[in-house]
There are 2 protein chains.
Amino acid sequence: MLGDDIMNMQAMLCVDIMNIQAMLDVYIMSMQTMLDVDNMSMQTMVGVNIMSMLTMLGVDIMSMLAVLDVHIMSMQTMLDVDNMTMQTMLGVDNMSMLTMLGVDIMSMLKLQRKWLARWLVMLMIGIGTALVATIIEICIEYITEYKFLALKKLFDFCRTYSCLAVPLLAWVAFNALVVAAGSALVTYVAPQAAGSGIPQIKCYLNGVKIPGLLSIKTLAAKMFGVILSVGGGLACGKEGPMIHSGSIVAAGISQGRSKLCNKDFKVFEYFRSDNERRDFVSGGAAAGVSAAFGAPIGGVLFTLEEGASFWNQSLTWRIVFASMLATFAVNLLLSAVHGHPSDLSNPGLISFGRFPDISYQAIELPIFLLMGVVGGFSGAFFNAINYRLTVFRHKYICPKRWLMVLEAMLVAAISALLGFVMIFFVHDCRDNLDDEHYETRIQVFCPDGQYNAMGDIFFKSPEASLVSMLHEPADAFQATTLITLVIPYFLLACWTYGLSVSSGVFIPSLLIGAVWGRLIGLGFLQIVPSMGNNIGKYALIGAACQLGGTVRMTISLTVILVECTGDIKFGLPIMLCLMLAKWVGDFFNKGLYDMHIYMMGIPILPWDAPEMSYTVFASEIMNSPSTCLHQVETAKRIVEVLREHPHQGYPVIEPCEGSQEIMGDKAYGRCKGLILNSQLGVLLKHKVFDQVSPKPVLDISHFRDVHTSYTMINSSGKRKNDIQLTDEEMKYTIDLTPYMNPAPYQVTQHASLPRIFRLFRGLGLRHLLVVNEKHEVAGMITRKDLAKYRETQQGGSVRMRELSIQEY
Amino acid sequence: MLGDDIMNMQAMLCVDIMNIQAMLDVYIMSMQTMLDVDNMSMQTMVGVNIMSMLTMLGVDIMSMLAVLDVHIMSMQTMLDVDNMTMQTMLGVDNMSMLTMLGVDIMSMLKLQRKWLARWLVMLMIGIGTALVATIIEICIEYITEYKFLALKKLFDFCRTYSCLAVPLLAWVAFNALVVAAGSALVTYVAPQAAGSGIPQIKCYLNGVKIPGLLSIKTLAAKMFGVILSVGGGLACGKEGPMIHSGSIVAAGISQGRSKLCNKDFKVFEYFRSDNERRDFVSGGAAAGVSAAFGAPIGGVLFTLEEGASFWNQSLTWRIVFASMLATFAVNLLLSAVHGHPSDLSNPGLISFGRFPDISYQAIELPIFLLMGVVGGFSGAFFNAINYRLTVFRHKYICPKRWLMVLEAMLVAAISALLGFVMIFFVHDCRDNLDDEHYETRIQVFCPDGQYNAMGDIFFKSPEASLVSMLHEPADAFQATTLITLVIPYFLLACWTYGLSVSSGVFIPSLLIGAVWGRLIGLGFLQIVPSMGNNIGKYALIGAACQLGGTVRMTISLTVILVECTGDIKFGLPIMLCLMLAKWVGDFFNKGLYDMHIYMMGIPILPWDAPEMSYTVFASEIMNSPSTCLHQVETAKRIVEVLREHPHQGYPVIEPCEGSQEIMGDKAYGRCKGLILNSQLGVLLKHKVFDQVSPKPVLDISHFRDVHTSYTMINSSGKRKNDIQLTDEEMKYTIDLTPYMNPAPYQVTQHASLPRIFRLFRGLGLRHLLVVNEKHEVAGMITRKDLAKYRETQQGGSVRMRELSIQEY
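Sequence order sets the numbering: in each chain, residues are counted from 1 along the sequence as written. Chain A is the first chain written and ligand 1 is the first ligand written, with later ones labelled in order. Whole-chain, interface and lining totals are the exception, using all residues; otherwise, since this is a predicted model, local features are given only for residues with pLDDT of at least 70 and side-chain atom pairs are given and counted only at 80 or more. Computation of side-chain values covers all heavy atoms of the structure but excludes hydrogens and water.

Caption draft 1: Here's a closer look at the overall build of chain A. Starting at the N terminus, helices and strands are each numbered in turn, a helix being any DSSP run of H or I of at least four residues and a strand any DSSP run of E of at least two. In terms of regular secondary structure, chain A is built from 34 helices and 14 strands. Three exposure classes are used, based on accessible area relative to the maximum for each residue type with a 1.4 Å probe and protein chains only: buried under 20%, partly exposed in between, and exposed over 50%. Out of the 808 residues in chain A, the part that is buried amounts to 57%. Residues are treated as being in contact if the distance between any of their heavy atoms lies within 4.5 Å. Contacts in chain A between residues far apart in sequence, at least 24 positions, make up 72% of those at least 6 positions apart. Shrake-Rupley sampling with a 1.4 Å probe provides the accessible areas, and residues are treated as covered by the protein chains on show and by no other component. Element-wise, carbon and sulfur atoms account for 62% of the exposed surface of chain A, whose accessible area totals about 32600 Å².

Caption draft 2: Broad picture of the packing of helix 16 (residues 296-306) of chain A against helix 25 (residues 555-565) of chain A. Residues and elements named next belong to chain A. Contact geometry of helix 16 with helix 25 gives a least axis separation of 8 Å together with a crossing angle of 170 degrees. Relative to helix 25, helix 16 is oriented roughly antiparallel. Only Ile555, Ser556, Val559, Ile560 and Glu563 of helix 25 make contact with helix 16, whose side of the interface consists of Pro296, Ile297, Gly298, Leu301, Phe302 and Glu305. Here the residues of the contact of helix 16 with helix 25 are counted per class, giving seven nonpolar, two polar and two charged. A fitted line through C-alpha atoms serves as each axis, taken over the contacting stretch for helices, and the angle formed by two N-to-C directions is quoted from 0 to 180°. The cut-offs work like this: below 35 degrees is roughly parallel, past 145 is roughly antiparallel, 65 to 115 is roughly perpendicular, and the gaps in between are oblique. Note on residue categories: nonpolar means Ala, Val, Leu, Ile, Met, Phe, Trp, Tyr, Cys or Pro, charged means Asp, Glu, Lys or Arg, and polar means any other residue, Gly included.

Caption draft 3: Layout of the packing of helix 16 (residues 296-306) of chain B against helix 17 (residues 313-337) of chain B. All names here are of chain B. Their axes nearest at 8 Å, the elements helix 16 and helix 17 cross at an angle of 140 degrees. Classified by the angle between their axes, helix 16 and helix 17 sit oblique to one another. Crossing hand, helix 16 versus helix 17: right-handed. Counted together, Pro296, Ile297, Gly299, Val300 and Thr303 of helix 16 and Thr316, Ile319, Val320, Ser323, Met324 and Thr327 of helix 17 form the full contact between these two elements. Classifying every residue of the contact of helix 16 with helix 17 by side-chain character gives six nonpolar, five polar and no charged. For any pair of crossing helices, the crossing counts as left-handed if the nearer helix is rotated counterclockwise from the farther one by less than a right angle, and right-handed if it is rotated clockwise.

Caption draft 4: View of helix 26 (residues 571-588) of chain B. Taking 1.5 Å per residue as the helical rise, helix 26 of chain B with its 18 residues ought to reach 26 Å, and the 26 Å between its terminal C-alpha atoms agrees with that figure. Most of helix 26 of chain B is tucked away: 13 of the 18 residues are buried. Helices are assigned an expected span. That span is 1.5 Å times one less than the residue count.

Caption draft 5: Spotlight on helix 14 (residues 239-255) of chain B. Residue and element names in this part refer to chain B. Taking 1.5 Å of rise per residue, the 17 residues of helix 14 would be expected to cover 24 Å, and the 25 Å separating its terminal C-alpha atoms lies within 8% of that figure. The buried fraction of helix 14 is high, at 15 of 17 residues. Taken from the residues just after helix 14, glycine 256 is the one with a positive phi, measuring 65 degrees.

Caption draft 6: Looking closely at the sheet that holds strand 5 (residues 629-630) of chain B. Residues and elements named next belong to chain B. Only when DSSP finds a minimum of two bridges between them are two strands counted as paired. Strands sit in the order 5-7-8 across an open sheet of three strands; the sheet is mixed. Each having just a single partner strand, strand 5 and strand 8 (670-676) make up the two edges of the open sheet. The pairing of strand 5 with strand 7 (residues 649-654) spans two bridges and is classified as parallel. Residue pairing across strands places leucine 629 opposite valine 652, the latter belonging to strand 7.

Caption draft 7: Representation of unusual backbone geometry in the model. All names here are of chain A. Notably, arginine 552 is not glycine yet its phi reads approximately 60 degrees, a positive angle. Structurally, arginine 552 is set in the loop between helix 24 (536-551) and helix 25. When its relative accessible area of 5% is taken as the criterion, arginine 552 is described as buried.

Caption draft 8: Main features of the packing of aromatic side chains. Aromatic pairing here means that ring centres of Phe, Tyr or Trp (its six-membered ring) are within 6.5 Å. Orientation follows from the plane angle: under 30 degrees is stacked, over 60 is edge-to-face, and everything else is tilted. All told, the structure shown has 22 aromatic pairs over all chains when counted by the stated rule. The interplanar angle of 45 degrees and the centroid separation of 5.0 Å between the aromatic rings of phenylalanine 392 of chain B and tyrosine 396 of chain B together place this pair among those described as tilted. A residue pair is termed a helical-turn pair when its members lie 3 or 4 positions apart in one helix, as phenylalanine 392 of chain B and tyrosine 396 of chain B do in helix 18 (residues 365-397) at four residues. Ring geometry for phenylalanine 587 of chain B against phenylalanine 588 of chain B: centres 5.6 Å apart, planes inclined by 80 degrees, an arrangement best described as edge-to-face. With a relative accessible area of 44%, phenylalanine 587 of chain B lands in the partly exposed category. Take phenylalanine 588 of chain B: its relative accessible area is 37%, and that puts it in the partly exposed class. Between arginine 755 of chain A and the ring centre of tyrosine 745 of chain B, over which it is positioned, the NZ or CZ distance is 4.9 Å. The rule is short: NZ of Lys or CZ of Arg within 6 Å of the ring centre and within 35 degrees of the ring normal puts a charge over the ring.

Caption draft 9: Spotlight on the pattern of salt bridges. All names here are of chain A. Take a side-chain nitrogen of Lys or Arg and a carboxyl oxygen of Asp or Glu: if they are within 4 Å of each other, that pair is a salt bridge. Scanning the entire structure with this criterion turns up 20 salt bridges over all chains. One salt bridge in this structure joins glutamate 137 and lysine 238, with 3.5 Å as the shortest N-O distance. Placement of the pair is glutamate 137 in helix 10 (residues 105-157) and lysine 238 in the loop between helix 13 (216-231) and helix 14 (239-255), with a sequence separation of 101 residues. Because the salt bridges share partners, they merge into one network encompassing Glu137, Lys238 and Glu463.

Below, the structure is given as structure tokens:
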């Protein structure tokens, strides 16, 4: 045995183990492996405790560590002792010990505190999101109830032809004014609050910064905007905006400050980094979905599907926590507001209601699949129209703000008008049997004791109409009523999405789908009357298909819909239908959200690199004339670089021998590290010049505190955070070495696009250094450079192309 | 406008656009941006089609591309034409076009076929897993029914004291023999089939290869092993092994061949890479969970939580598909076997049954939380005992195989004996009212018309007992019965986990938890009798807590349990309890699976780098004396390197000027690429020597086809796949350049441990190259080097240590 040999050798040579080790030129770890003993035995064999050994060797512990070339942690592991024993052995006090360990006591405490704070923040996010959801829900309930009661009185009062203009005018005027208010709020106060916000949140989670997206102003505009637009009777829902609202709540709470209020609460300062913030916003988005649909798991999956590229167990666990809490809190709050606090019957803003006695048979699957195909077509059609509308809008309406408000008003007025016309022309009269839904039922031209079925659909919130579609018996609506309803509503919903109001597309899509699903169910019932009266499942599948065909979400949508029904029974058919709807839809165009992201020209990274891109290399993708800095650089040049080449990061180089002019060549000198734009700003702000004494020493908190950028460097110094430099200071130098990242992620010029793609996606990078074979900087690759390469798959042919990405 | 200026300039200068471009020294893309026009207009402005332009320039298309320094794809994008038009414009035939595009037609077709094949394989995995689950279920049902009916007859026949030895002996003998058969099967035929297989699958998904884990032999042993061990009455479940079985099914189907049968079906050959296989195994594991618990979403989350480090949308969608299908197929198959095929009432092997009329009140949450703490303690205690048992087993039992079988027999006998003793001593007699459960109820010493409650628990499968605990009314079991049951069963389950049989720990844990949960519920009912009779929820929460405290799974377990109850009502309390149970348990020791992985010494990577490791750098972690190869290397040296330094990959270097002996120095020459062990084997096997003419040209399929390793190189050449080299050939050289990876992932020596960790975790790397500042190879970091650094968190103090990892 080698182990024995060494011991004999040691005895023969009469030397201590340290010399042996020196002779053998092996590390103590290898030695131990050779001897096959555990740590304590090793120490026993050595026969001395570490202190004596050190005395024998005549060196202090730090030199010892240097000799052994190990870190103090490894040393401790070798000896298999805990910190306290180690400390006793070394005979040093706490502070020295911590210094030796390379950590200060504050960072150890912070580690524990941070862990707790993360959970606490998630708790607050869950509850905060639930509060926002509850406020929105209550306000909309109040407005809707008031509006329809007043209208119903007018309708009931005016039952002659001549008088009907009064309720019509009242309806149109009310809708137009309320929506105009909502639209003005969004258009003039916070343009980022327009739409559902889902595309923007998707971009944010993907790593793209959008200014103003997560400000409190946007939250306020979003909340009141959605109340006004749903209250104003637009064909839109309040669920999409909840996702955006949850994200803003999360960003606000986790950062502990607000730019708008100019207030810094000085809490959670350690969460002020892009990564931490993004993690919390994930939680907020999940809580938003959860609060909207009562779908906590769906919310988590939504975040994962849309945002995360790196699955982190503990983060996900915290997101689940926030998500579950949001559902629970919404449930508690809404139940309390409705006067039965212990009942917990309101899991979210929308619930599909239970399907207790309905199940499906295997034989019905083909029909469901057919509906999936229909959903795909219908969704693609919706997107195609919306695409053309949006292009038109960008060109002619967006340039003038008042036109945007006017368009919203127009749509609101037309919505009301259409509703009126449909109620007027469709004579689908039903017996008014139960008194439960009395207040939403209007008689119009029906005989006494009956009500107008179309009026019943329009005199409710879209959510309530959806639930009617899912649960009313087969004979509740005539086929003609459904057909008359679905086409105008489809067009209306299509027109509404993209207006400058805060609105979501979930509920209108579900409603459209439920209506045509019900139609298909009615048709099927005509053919096979024995299938019984459970038509609700067709409406459910139809709703799923239409929404899936429009937004093309997959896993998360399946789970959200399953959780909305509160039953996993329909999991398989919903999944299969969504899959088919997605495939069919993808044949024609992109999903609605992706389409809008595409039109905004945001450099979002897809899931995988284009399949055919393995012949594209780093040298083709990179920005070759990259701006570099030297390790010691004058303030003048730094200011120049920041002003003239505003990038996120700059390579720090050491010029190679013989190359004086570094900008002229293709390679710029040996790569030493990378320094960020914001770091340079902080260095300038704190004037860390080599010529100043005492030279300021900056730690991590300085870099966290301010978001300094090149725009703040100017000579006038009007604003509070501006950086002022005198001419003298401009000549001073800054040593970048202590502040730069000495080991940035990097690839060589030969790396292929898929390989680089995986780096960006897997690690969430924003920029990547490209070096040549001599480790000289060859260029930089940014997110935008990668996002250019897109695979377009249309009508079965695959193609790769470079997009032109505009600055955002 | 700059755009106009350029056009004017062009007119003035009377030159064509290409010259302008040359003069301006900008790319065509930038030019286009400057002109702010779209592609087609650009082309129109140029006024010529591309072919004329080429003619004007007098160059062929390839030179043109070289001049413009763009890839043909970018060119195509610039012109905004599709492939066909491009081809027409260029006037070339199909093959040349494809060559220019850098893809061959086969790879384009394969792209489409691969996509379809992926879904097809997932379909087969879902159905295959469901089949395995059904076979296991049916066999166990049959054995259990036969056994208990026979025993019941014996019991009913022998109701005097003297005669009771007969059923006792029969019971003990049956159990011992059946379990011995199962244990012998596992021990002698396929040792990898022992236990639940979850720790091993976890390791596999984490990136560690375990030989024989996914072979058909193991599947057979696993299936019949679990039938015999559950049939033999061990305190174990059949759910854990389903996850392993699903994984094997997936591996088998996706690879289209079996080593055991020595059969290659030549299908799905393009899935024969580590990554593809791992993706399918993820799907199989999810399908396994899904089939076992009827929890498709839980299965997907299980895979993500345990395996995936990189969230890929389309992969996850396929996993959802396999998972949903498995649930559906199990449902269909079991319903069909039970004679009501259209009812679909068997979503998985275990269902907790519905809790339709039970809800919880906010006031009960504190009690649930307390139960979470109890679960944490209880689970940690379970693990602590099991740890000591496993250590003992490793030392004294595992060396001898027959001892392992004997131990399993002993446990089986004791299980039966204990059951008998408990039935014997606990006189908990109940009225035998309904006839539904008649066959499992034995009278023993109870008066006529009554049955023994303890006997009812033991004369069923553990799954059925669990359902009883969850749904029987509060007075179905006395507190003494429950206490007498829980302690011996706890110890028995603890002893059983780790036996050399195929068994799972889910069901026994759930059962133990349900029993003590019921006890707590009974206690609570004593204090607050008004809480009503719904004691089932306490049993449910108790079951969740015990299992959570033992295995410490988080998100996936929450979802699995929620799906098992078929209702999201209990989502929040289950989540909170699991969280508490995990925290409390983690204070004492690791989760059961992690503990076993740790004891096996497998280098599994945790989720995050240790928190205090930011002072550990690449230079400390890396294996410094790394073996390198030159770009052109002799066969002799390659064989030597493969034999003497068996690593997974070797850096390929170009020696620096002035350094003749590359092995003596710390840096080994400029890094040119990386070549894998298996690639070298293939090169040797196909004799790609520079001196041979015609030199063989290998493509990707050669490298996919065989798993050649250094063990196959020997001079005798006995085995079929062996590589034989003559002395002459040993002197030949191989040029590695075309086959090596020219741009391997790499870091510099200054990279810190967390940074390296993120690379490994995010990209699923197995090895990483470390280069110094001159781009010379400094060393290699493997998974094992990283896995050494562990954070141990015990009793509140955090500590980082290096583990000694053994070879696996």
